[in-house]
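Architecture and fold: a report
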Amino acid sequence: MSKTVIITGASKGIGAATAILFAQKGYNVVLNYNNSAAAALLLQKSLCEQGHNVIAYKANVANKLEVDLMIKEAIYRFGSVDILINNAGISRSSLFTDISEFDWDEMMNVNLKGVFNCCQAALPEMIKNKSGKIINISSMWGVTGASCEVHYSAAKAGVIGLTKALAKEVAPSGVTVNAIAPGIIDTSMNAEISVEDLADFVNDVPLGRMGTADEVAQLCFFLASDSADYITGQVIGQNGGYVI
Ligand code: NAP
């Protein structure tokens, strides 16, 4: 029977690339989205037309009830949840003194509580099966901190703490939990950064370029595979050597 992967925030960017890769590799894919319905449904349609098993599911990861219903739907449609990729995220750039309480709460609710909600909803099925893999997309800024992104950095550092603690707790149940901490990846998340600032940044990347969404998807695929069975609680940097 094919394994089932839930990928949050799969309407575009890293999540979409990951959905395409897992579908092409024969997984049942739950392609989660929140606002970008047109993009998500188009991607689902195109993958289904190629013969893959893909459902698109709208759920705000910050909303526990919506997440619970999404996991139930995945189990109903595909019979299990084997892999959870917590990829959904938002980024905001702001001076620390300008971050409002709303901004802070929104960041924590999507980027950190969203991971909590999805892990808590998916884990009972994984623990029951004594098998499962959770991959959380953090950020190198969660490791190093980024100026003018204190709330983003704090949420992504929280994802790393969650990953390490949960890995210890669920390892005896046969579930691994790892995080990826990407550097600058070429997606719409960076669309608001000026061409000059991006060029300056790339100049400081030892490998001399941005990463691609497909490269992050490939790392997710490895961490979800049997080859990664003995890896848990790790934070894998994927940043072209920017953070060493
Ligand atoms: P992106 O192109 O902006 O895509 C973000 C995805 O997250 C979209 O599919 C969006 O879905 C989804 N999303 C946002 N809020 C959501 C919510 N409340 N519920 C469900 N889905 C939600 O960004 P990306 O670059 O692919 O980023 C993916 C992940 O990688 C994020 O966690 C980001 O922090 C992390 N990351 C990115 C970079 C980078 O340089 N790009 C670097 C390090 C880490 P809708 O549009 O449908 O709402």
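Our structure is the block above this text.
A short tour of the structure in this document, coming up. Note that the structure is predicted; figures quoted are calculated from it, not measured. (Residues numbered from 1 in each chain as written. Predicted model: local features only at pLDDT ≥ 70, side-chain atom pairs only at ≥ 80, totals over all residues. Heavy atoms only, no water.)

A closer look at the overall build of the protein chain
What counts is decided by this rule: To qualify as a helix, a DSSP run of H or I must reach at least 4 residues; to qualify as a strand, a run of E must reach at least 2; elements of each kind are numbered from the N terminus. Each radius of gyration reported is based on C-alpha atoms, and the globular scaling rule is 2.2 Å times the count of residues to the power 0.38. Throughout this description, buried means an accessible area under 20% of the type-specific maximum (1.4 Å probe, protein chains only), exposed means over 50%, and partly exposed covers the range between.
When its secondary structure is counted, the protein chain shows eight helices and seven strands. Computed over its C-alpha atoms, the radius of gyration of the protein chain comes to 17 Å, within 12% of the 18 Å expected for a compact globule of 244 residues. C-alpha atoms of the protein chain, sized along the principal axes, occupy 50 × 40 × 35 Å. Burial status across the protein chain gives 49% buried among its 244 residues.

With respect to unusual backbone geometry
Phi is mostly negative for residues that are not glycine, and the peptide bonds are mostly trans. Positioned with a positive phi, Lys130 is a non-glycine residue whose angle comes to about 55°. Looking at the element boundaries, Lys130 is found in the loop between α4 (101-129) and β5 (132-137). One non-glycine residue with positive phi stands out, namely Cys148, at about 65°. Within the secondary structure, Cys148 sits in the loop between α5 (140-144) and α6 (150-170).

Comments concerning the nonpolar core
Rules: The criterion is simple. A nonpolar core is a set of buried Ala, Val, Leu, Ile, Met, Phe, Trp, Tyr and Cys residues joined through side-chain atoms within 4.5 Å.
Residues Ile6, Val30, Leu84, Leu123 and Ile134 are the most contacted members of the largest nonpolar core, which totals 42 residues. Every element with two or more residues in this core is listed here: β3 (54-58), α3 (64-78), α4, α5, α6, β6 (175-182) and α7 (195-203). Here this core gets ten residues from one element, more than from any other, and that element is α4.

Details of helix α2 (residues 37-49)
Put simply, the rule reads: Take the number of residues in a helix, subtract one, and multiply by 1.5 Å to get its expected span. In this context, the arc is that of the directions from the helix axis out to the C-beta atoms.
When the terminal C-alpha atoms of α2 are compared, their 18 Å separation across 13 residues agrees well with the 18 Å that a helix rising 1.5 Å per residue should span. Of the positions making up α2, those classed as buried are Ala40, Leu43 and Leu47. Viewed end-on, α2 has its buried residues packed into an arc of 65°, placing them on one side of the element. Facing away from the buried side of α2, by more than 90 degrees, are the exposed residues Ala38, Leu42 and Glu49. A positive phi of about 95° marks Gly51, the residue just after α2.

Notes on the packing of aromatic side chains
For clarity, the cut-off: Two rings from Phe, Tyr or Trp (for Trp, the six-membered ring) form a pair when their centres sit within 6.5 Å of each other. Planes less than 30 degrees apart are called stacked, planes more than 60 degrees apart edge-to-face, and all others tilted.
Taken as a whole, this structure holds six aromatic pairs when the rule is applied. Measuring from ring centre to ring centre gives 4.8 Å for Phe22 and Tyr27, while their planes differ by 75°; the resulting arrangement is edge-to-face. The burial state of Phe22 is the same as that of Tyr27; both residues are buried. Where Phe22 meets Phe221, the ring centres are 5.2 Å apart and the plane angle is 65°; that geometry is what we call edge-to-face. In this pair, Phe22 sits in helix α1 (residues 13-24) while Phe221 sits in helix α8 (residues 213-224), placing the two residues 199 residues apart along the sequence. Summarising the burial analysis for this pair, Phe22 and Phe221 share the class buried. Feature note: the residues Phe22, Tyr27 and Phe221 constitute an aromatic cluster, connected by ring pairs.

A closer look at the site of the ligand
As a reminder, the rule being used: Nearness of a residue to a molecule or strand requires only that one of the residue's heavy atoms be within 4 Å of it. In protein, a polar contact means a hydrogen-donor-capable atom and an acceptor-capable atom, both N or O and within 3.5 Å, with residues adjacent in sequence counting only if both atoms are side-chain atoms; elsewhere, any N or O pair within 3.5 Å suffices. For the area figures, the Shrake-Rupley method with a 1.4 Å probe applies, and any residue is considered shielded solely by the protein chains shown. Basically, the charged four are Asp, Glu, Lys and Arg, the nonpolar ten are Ala, Val, Leu, Ile, Met, Phe, Trp, Tyr, Cys and Pro, and anything else, Gly included, counts as polar.
Not every one of the 32 residues close to the ligand is listed here, only the nearest: Ser11, Ser36, Asn87, Tyr152 and Thr187. Between the ligand and Gly183 there is a distance of 3.5 Å, counted from an oxygen atom to a backbone nitrogen or oxygen. Relative to its free-state accessible area of 890 Å², the ligand is covered by the protein chains to the extent of 94%. Secondary structure elements with two or more residues in the shell around the ligand: α1, β2 (28-33) and α6. Split into classes, the residues belonging to the shell around the ligand amount to 14 nonpolar, 16 polar and two charged.

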